[in-house]
Amino acid sequence: MDFTKQLEELAINLFKIDAVKFGEFTTKSGMKTPVYFDLRVIVSYPAIMESISDLLYSSSLISLEYDHICGVPYTALPIATLLSVKAKKSMLMRRKEAKSYGTKKLIEGHFSKNQKCCIVEDVVTSGSSVLETVNDLRKEGLVVEQAVIILDREQGGRQNLEKNRVKMMSLLTMSELIKILVDNNCITKEIGVEVKNYLNSTKAPSVESSEVSAVNRLNMPYEKRAGVSRNSIAKQLFNIMATKKTNLCISVDLTSSVQILNLLEKVGEHVCLVKTHVDIIEDFNSDFVEQLKQMATKFNFLLLEDRKFADIGNTVSLQYSKGIYKISEWADCVTVHSLPGEGILKALNSASSDKSKGVFLLAEMSSEGNLITPDYTKATVKMAEKYPQLMTGFVCQNAATFDDPGLIQLTPGVQLEKPKDNLGQVYNTPEKVIENGADVVVVGRGIVASKNPETEAVLYKNILWKSYSKRILGKME
Ligand code: S5P
């Protein structure tokens, strides 16, 4: 039988065995619904179990790369078992509660860190149950990026999973199921329309978005994240953002110290971080550094020298503390490329300095055609794991780059005016970068080159803060 025919037969059979019912029901979370699923009954029908596992296997699992399969307890467990046997891949089982006796394991089965695990689930509404399982597996060091499910209720689950870097493949969406049932006279057209209207108007209940937030740095407020940071600069920066209500970093790419100080006098109160390229300043001197530091204290912002170190450890430790800039003496944090390997972090970590220090590692770049690959990004994040006290965060463009809520995503390439410059820079809007996981947003020419930098800084600050406030409530679309 061909795939479409088999899927159609499955949909009709699910209706026949009352695994899908129509009427007026109230869900666990108190939501009224004209359609209800109870896939627990499928265990009584071996032919349906077989058909579901055949279809899931041939439509998705066969094309995926993974080491283990893990079902979301409990309804999906028998399906996960069948799939594990069919695919000849080992299965993992997640306990809902850790055992109170013996080994306090949450995950049963043999596995090693960095192995890939594919999730199996029956029905997805908000995605929160899948995410609970994903979270426990990730805590054990497993890589979880795929979920195969029987039915997508199309109420926000797919988006919630995507936000958490899990790609969902479903056998049926609710609309497809309804179409099959109407076409085969199992339900009337009217019921079909009623269910469609319901789907269009009802999102997953809010209780589920708070469950989602438990596993997502994007929904955690800055003040909470300060509490889990292991780098003192990240802690300070999170606290400054929460206090000043701004996540704007200004990139003062100007070539005269007077221009920089004048600009900061105007925008200082609106930013949490000031990013410099001191090697472009023509009259750099120690007096400028003193005034910069005073301004940082006066307006309560931190200083990031965007040096983008990229040499062997020994050279970098000299570039960091010697020469005319003596960066280590005044910069709270610096940007660093991972390209040369771990030695660069080792060097900065052991560089003696009287003050706290932090590193933003470049995991991605905003410029067109840059040579960074997804593997490079992953390896960069991995490299940072050994230096938790040094790491302030990553310079990157995507939320999927890292999970640790104690680290900061610094995102440049932001402007309201235009989509790019003529030298390869690519711009996103402030709303977009916050949606993509930015915690601190770098704006340079968008403010610096405008007629009225202060007005412009306030504009960026307000849009960014509004977008962040929405994000922590889990309301980003
Ligand atoms: O990928 C990157 C990384 C950085 S740190 N893309 C960037 O644009 N930057 C820096 O951010 C860049 O060096 C510049 O100082 C700033 C962006 O400036 P704008 O004028 O294009 O907003």
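Residues numbered from 1 in each chain as written. Predicted model: local features only at pLDDT ≥ 70, side-chain atom pairs only at ≥ 80, totals over all residues. Heavy atoms only, no water.

What follows is about the UniProt feature "active site" (unreviewed entry) in the chain. The sites that carry the UniProt feature "active site" (unreviewed entry) are, in the present numbering, D306, K308 and D311. Mapping K308 onto the fold places it in strand β11 (residues 302-309). In this structure, K308 is in contact with H277, T335, V336, H337, L362 and M365, ignoring residues within four places of it in sequence. Relative to the helices and strands, D311 resides in the loop between β11 and α13 (313-321). When residues no more than four places from it in sequence are discounted, the contact partners of D311 are V316, Q319, P340 and I344. (UniProt positions renumbered as here; feature names shortened; annotations may be inferred. Helix = DSSP H or I, 4+ residues; strand = E, 2+ residues; numbered from the N terminus. Contact = heavy atoms within 4.5 Å.)

Our next topic: the nonpolar core. Counting residues in hydrophobic clusters, the biggest one holds 58 residues, and the most contacted among them are I250, L264, F301, F309, V359 and F394. Among the elements that line this core, the one with the most residues is helix α12 (residues 286-299), at six residues. Those residues within four positions of F301 in sequence are excluded, and the remaining contacts are I240, K244, L264, G268, V271, C272, L273, V274, M295 and A296. (Core = buried A, V, L, I, M, F, W, Y, C linked by side-chain atoms within 4.5 Å. Buried < 20%, exposed > 50% of the residue type's maximum accessible area, 1.4 Å probe, protein only.)

Further remarks concern the site of the ligand. Near the ligand, the surroundings consist of 15 residues, among which D253, K275, S366, Y427 and R445 are the closest. Between a nitrogen atom of the ligand and a side-chain N or O atom of S366, the distance comes to 2.7 Å. Grouping the amino acids of the shell around the ligand by side-chain chemistry returns five nonpolar, five polar and five charged. (Near = heavy atom within 4 Å. Polar contact = N/O pair within 3.5 Å; in protein donor to acceptor, adjacent residues only side chain to side chain. Nonpolar A, V, L, I, M, F, W, Y, C, P; charged D, E, K, R; others polar.)

Next up on the list: the sheet that holds strand β14 (residues 391-395). A barrel is described by the order of its strands in space; here eight strands give the closed sequence β9-β10-β11-β12-β13-β14-β15-β16, paired in parallel fashion. This sheet shows a mean twist of 25° between the axes of neighbouring strands, independent of strand direction. Note: strand β10 (residues 273-276) against β11, four bridges, orientation parallel. Within β11, the position partnered with T276 by the bridge is E305. (Pairing = 2+ DSSP bridges. Axes fitted to C-alpha atoms, helices over the stretch in contact; angles between N-to-C directions.)

This brings us to the pattern of salt bridges. Under the counting rule described, the total for this entry stands at 24 salt bridges. Here R225 and D439 are joined by a salt bridge, their closest N and O atoms 2.8 Å apart. On the criterion of sequence distance, the pair formed by R225 in helix α9 (residues 222-228) and D439 in the loop between α17 (430-435) and β16 (440-443) is long-range, its members being 214 residues apart. According to the relative accessible area criterion, D439 is buried, its value standing at 0%. Residues R445 and D421 are paired through a salt bridge, measuring 3.0 Å at the closest nitrogen-oxygen approach. Residue R445 is found in helix α18 (residues 445-448), and its partner D421 is found in the loop between β15 (408-411) and α17; the two are separated by 24 residues along the sequence. Given a relative accessible area of 45%, R445 falls into the partly exposed group. Several salt bridges share partner residues, and in doing so they unite R94, E132, D136 and K139 into one network. (Salt bridge = Lys/Arg side-chain N within 4 Å of Asp/Glu carboxyl O.)

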